Each structure stands twice: as structure tokens, then as C-alpha cells.
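# Coordinate analysis (summary)
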Amino acid sequence: GGCGATQSSLMRARMRLSLQERLWEFYQTRVNIPAEEQAMARRAALDICAELRVFLHAKLPDMPLREMYLSGSLYDDLQVVTADHAQLMVPLILEKNLWSSIPGEDTIMNVPGFWLVRRENLEYFPRSSSYWDRCMVGGYLSPKSVLEVFEKLVAGSINWPAIGSVLDYVIRPVVPSETLTLEVQYEMDRKLYVDFLPLLVMEDGTSLIAKPHRLSAERNENLWRQSFRVAETARLRALDQEDGGCRCTCLKVAKAVCKLSPALHRLNSSQLTNTILLLSEKEGDWTQEALADRFLQLLRALVGHLEAGRLPCALSPKVNLFCELTEQEVDELGYTLYCALSDPEGLLRT
Ligand code: GDP
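One structure accompanies this document, and this report is about it.

Cut-offs applied
- Along each chain, residue indices are assigned from 1 in the same order as the chain's sequence is written.
- Local features in a predicted model are, by the rule used here, given only for residues with pLDDT of at least 70; side-chain atom pairs are given and counted only at 80 or more, and totals for whole chains, interfaces and linings are based on all residues.
- Side-chain metrics in this entry use all non-hydrogen atoms of the structure; hydrogen atoms and water are not considered.
- One heavy atom within 4 Å of a molecule or strand makes the whole residue count as near it.
- Within 3.5 Å is the distance limit for a polar contact, defined as a pair of N or O atoms, with the added protein rule that one can donate a hydrogen and the other accept it, and that residues adjacent in sequence qualify only through two side-chain atoms.
- Helix numbering and strand numbering both begin at the N terminus, where a helix is a DSSP run of H or I of at least 4 residues and a strand a DSSP run of E of at least 2.
- Residue type decides the class: Asp, Glu, Lys and Arg count as charged, Ala, Val, Leu, Ile, Met, Phe, Trp, Tyr, Cys and Pro as nonpolar, and the leftover types, Gly among them, as polar.
- What counts as a ring pair is set by centres within 6.5 Å for rings of Phe, Tyr and Trp (its six-membered ring), and what kind of pair is set by the plane angle: stacked under 30 degrees, edge-to-face over 60, tilted for all other angles.
- Any residue under 20% of the maximum accessible area for its type is buried, any over 50% is exposed, and the rest in between are partly exposed; the area is computed with a 1.4 Å probe on protein chains only.
- A ring is scored as having a charge over it whenever the NZ atom of a lysine or the CZ atom of an arginine sits within 6 Å of its centre and within 35 degrees of its normal.
- Note on definitions: a residue-residue contact is assigned when non-hydrogen atoms from the two residues lie within 4.5 Å.
- Axes, fitted as lines to C-alpha atoms, cover a helix only where it is in contact. Angles between the N-to-C directions of the axes lie from 0 to 180 degrees.
- For classification, angles of less than 35 degrees are called roughly parallel, those exceeding 145 degrees roughly antiparallel, those between 65 and 115 degrees roughly perpendicular, and all remaining angles oblique.
- Each crossing is labelled by how the near helix is turned from the far one, with a counterclockwise turn of less than a right angle marking it left-handed and a clockwise turn marking it right-handed.
- Between Lys or Arg on one side and Asp or Glu on the other, a salt bridge is scored when a side-chain nitrogen of the former is within 4 Å of a carboxyl oxygen of the latter.

Taken together, 13 residues sit near the ligand, with Ser71, Ser73, His85, Ser227 and Ser269 positioned nearest. Here Lys211 contributes a side-chain N or O atom positioned 2.8 Å from an oxygen atom of the ligand. In this structure, a nitrogen atom belonging to the ligand sits 2.6 Å away from a side-chain N or O atom of Ser227. Of all the elements, strand β2 (residues 85-91) adds the most residues to the shell around the ligand, at three residues. Counted by class, the shell around the ligand contains three nonpolar, seven polar and three charged residues.

Our next topic: the packing of aromatic side chains. Applying the stated criterion across every chain, the model contains three aromatic pairs. Seen in terms of ring centroids, Trp24 and Tyr27 are 5.9 Å apart; in terms of plane orientation they differ by 75 degrees. Their pairing is edge-to-face. Taken together, the residues Trp24 and Tyr27, both in helix α2 (residues 19-31) and three residues apart, mark about one turn of the helix. Note on Tyr27: relative accessible area 11%, which makes it buried. When the centroid spacing of 6.4 Å and the interplanar angle of 40 degrees are considered together, the rings of Phe150 and Phe196 count as tilted. Highlighted residues: Phe150 in helix α5 (residues 143-157) and Phe196 in strand β9 (residues 190-201), separated in sequence by 46 residues. Its relative accessible area of 1% is what places Phe150 among the buried residues. Residue Phe196 is classed as buried on the basis of its relative accessible area of 1%. A cation sits over an aromatic face here: Arg134 above Tyr131, 3.6 Å from the ring centre.

Here the focus is the side chain of Glu232. Residue placement: Glu232 occurs in helix α7 (residues 229-243). In contact with Glu232, not counting residues within four places along its chain, are Ser270, Thr273, Asn274, Leu277 and Leu315.

Summarising the element assignment, Ser207 is placed in strand β10 (residues 207-209). Separated by 23 residues in the primary sequence, Ser207 and Val230 have C-alpha atoms spaced 9.4 Å apart. When near neighbours in sequence (up to four residues on either side) are disregarded, Ser207 contacts Leu199, Leu200, Val201, Arg225, Gln226 and Ser227.

In contact at an axis separation of 9 Å, helix α10 (residues 291-308) and helix α11 (residues 327-342) are set at 150 degrees when each is read in the N-to-C sense. Between α10 and α11, the crossing angle belongs to the class labelled roughly antiparallel. For the pair α10 and α11, the crossing hand works out as left-handed. Together, Leu296, Leu299, Arg300, Leu302, Val303 and Leu306 of α10 and Val330, Leu333, Gly334, Leu337, Tyr338 and Leu341 of α11 make up the contact between the two elements. Classifying every residue of the contact of α10 with α11 by side-chain character gives 10 nonpolar, one polar and one charged.

Inspection of the entire model under this criterion finds 21 salt bridges. In this structure, the salt-bridge partner of Asp76 is Arg229, at a minimum N-O distance of 2.7 Å. With Asp76 in helix α4 (residues 73-76) and Arg229 in helix α7, this pair connects stretches of sequence that are 153 residues apart. On the basis of relative accessible area, Asp76 is assigned to the partly exposed category, the value being 23%. Looking at Arg229, the relative accessible area reads 28%, which means it is partly exposed. One salt bridge connects Lys144 with Glu148, and the closest N-O pair in it is separated by 4.0 Å. With a gap of four residues between them, Lys144 and Glu148 both fall in helix α5, about one helical turn apart. Residue Glu148 is classed as partly exposed on the basis of its relative accessible area, which comes to 36%.

Next up, the structure:
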């Protein structure tokens, strides 16, 4: 009938579109999240954050924390497809003279980008001098043990059904989860996942987060992950602001492609952001008209880094942002992207 005819003429119209046009269409229809949806998700996250602050202040007044805050792509206008996740940052306060950080490359694990946090001066300041001594394992502050403290609280002693009914959300801790996550249903068909992310800000400004190393977890259990997110996001945005560039758009398109195609799930925003930052060092034309060219170049660069098994962090080149992928994952990602080079539009048909 008429509908079929319309559909097929629409199809024909679509086939005439260039990659450039297809990318912008994809951006408008699939990638970008309506402002109203983002606002609702932010509101839900904020309500929960406020409840948790009240609860923690009342229940554990002497736990040395700075104020918790929300962060992540939802707050940087870099979230894509659906407004469905945020991080709740929980900054711990450490006594300067009692804890020191050791870079991963100076440890037997030899992993740049990860750190150990060692307890110092135990002879003068015995165990229990620091609140966080309860999370000490083998002389080091254990991110896993810190997460467990919050897990007990959040999954054990907070009455989420009661709080949820006051706020008109359905809230439940996600178990099991690698990190500590709350699932918040804030509309009939809308869910938001809020990750607890304990955080240490060291004296030199280094941010370390309690997010475990993906591989050989046992051996790496005490490692804190250095976070470059704030700096790399700021750099990307600053570059776009200088030249009215399309780097953020390119990033969002790539993030959406990875979110929508299961074969690319393993690529995260940090890897994509850094690949674009590295590309920006060599390539000057990021005008809106160059989106398709830069997108293809991004794919090619990723294939190259995957072939090398190495993606240096733009802010700290000794850090390999592929170090948590297995060889097989590297091969599969490389293969998928290599194939996509000859049919990039296939990536948008998910
Ligand atoms: P998206 O989740 O792909 O949209 O990307 P984000 O840019 O929001 O990054 C969130 C991811 O980065 C989560 O997996 C976090 O665990 C991790 N991450 C690392 N450092 C930080 C940080 O400083 N803040 C936040 N919010 N997330 C961080």
C-alpha cells in the first residue's frame, strides 16, 4: 500500500545520502538525547545523592569524606542514546602523613595508570589512627575493602523502598555488581544506574578511583585506578572551542556506535576520547564539514592502535588504555573496525 511506497522512496532517498549526511542524521536521531530526558535523569540522580548525604551524615558522622557529587557524561553533555547512567563520586579524606601513593610502574605489577596507596608511619601512628585503617590490606589501602564498606551501608542499612516511595522512584542496589550500583526507575520505562565511585585526590592532584583492574583481579586487588577523565574531557572541549570543531560530535557518534553494536561494547569513552586527542595533534581540520573524514580517520586510528596492542593516554603516554583488554578482545575489535572501514554506514544501521 501507500505506506510501502513511502518507505521505499524513503529508502532510496537515504541511499543517496553521503556519509557526512548520514552521520549528522544519525547524530540527530539516535545519538543526541532530548534535553528533557537528560533533565529528568539528572533530577533523579540529584534526589538520590541528597538522600545519601543526609543518611551518611546522620549514620556515620565521623567518616572522613568530602561532599559527594555527581559526575560523568550526563553532566558534560557527552552521554549518548539514552540518559541512563551517572557516577556518584565519594571523595575520601586521607591524612597526608599516614598514606602515600606509589605509581604502578614502580611495583611488581608494573602497570602505569594504576597506583598503590601505602600506609606510612605505623610505628608512630598505630593501626586505627586513621579511620581508613579498617580498609587496610597487607599495608595498603584496599579499594575493594573501601567499596565493601559502602556496599554494607548502601545495600544493607538504607531503607531504599521507603526513600523510593517518598521520591516516587523504585530504587534498588544492583547485586552482584563489580562496582556498587543503584538502579533507579524514575518513570515507567526509564531506568538510571548510579555507580558509587570512591575517590582519592592525592597531594599532587592525582585522582584515584576505586574501580578494579579488569584482569587478574586477585594480583591487582589493591590497585587504585588513576582517573584522567576530567582533564581529557576538558582538553577535548577546549580544542573544540578554539576552532569551532566537531571533536565532541565525533566522540558522541563513536560512543553511540559502540553502545549500539555488541561487537564494540568493549571500547569505552576514555579510549575514544584519547584517540581523538591524539588525532588532533596531527590533524587540523575539525570543521563541521569534515565530520565524515574525521570519523573515518578515527576508525583507522583505532584499527592502528589495536594492531599495535597499545593506545597511549594523551595526558600520560606511558599509560596503555588497552591494557585491560585480552588479546582476543583486541583482535575482535580490530577485525570489526577493519571491516567497518569499507562499510562505515553499516555501523549506523544498528
Ligand atoms: P560513558 O559512561 O561512556 O558515557 O562515559 P563517561 O565519560 O561518563 O565515563 C564514565 C566511566 O568512566 C565510568 O565507567 C567511570 O567508572 C569512569 N571514570 C573514570 N574516572 C572518572 C571520573 O573522574 N568521573 C566519572 N564520572 N567517571 C569516571
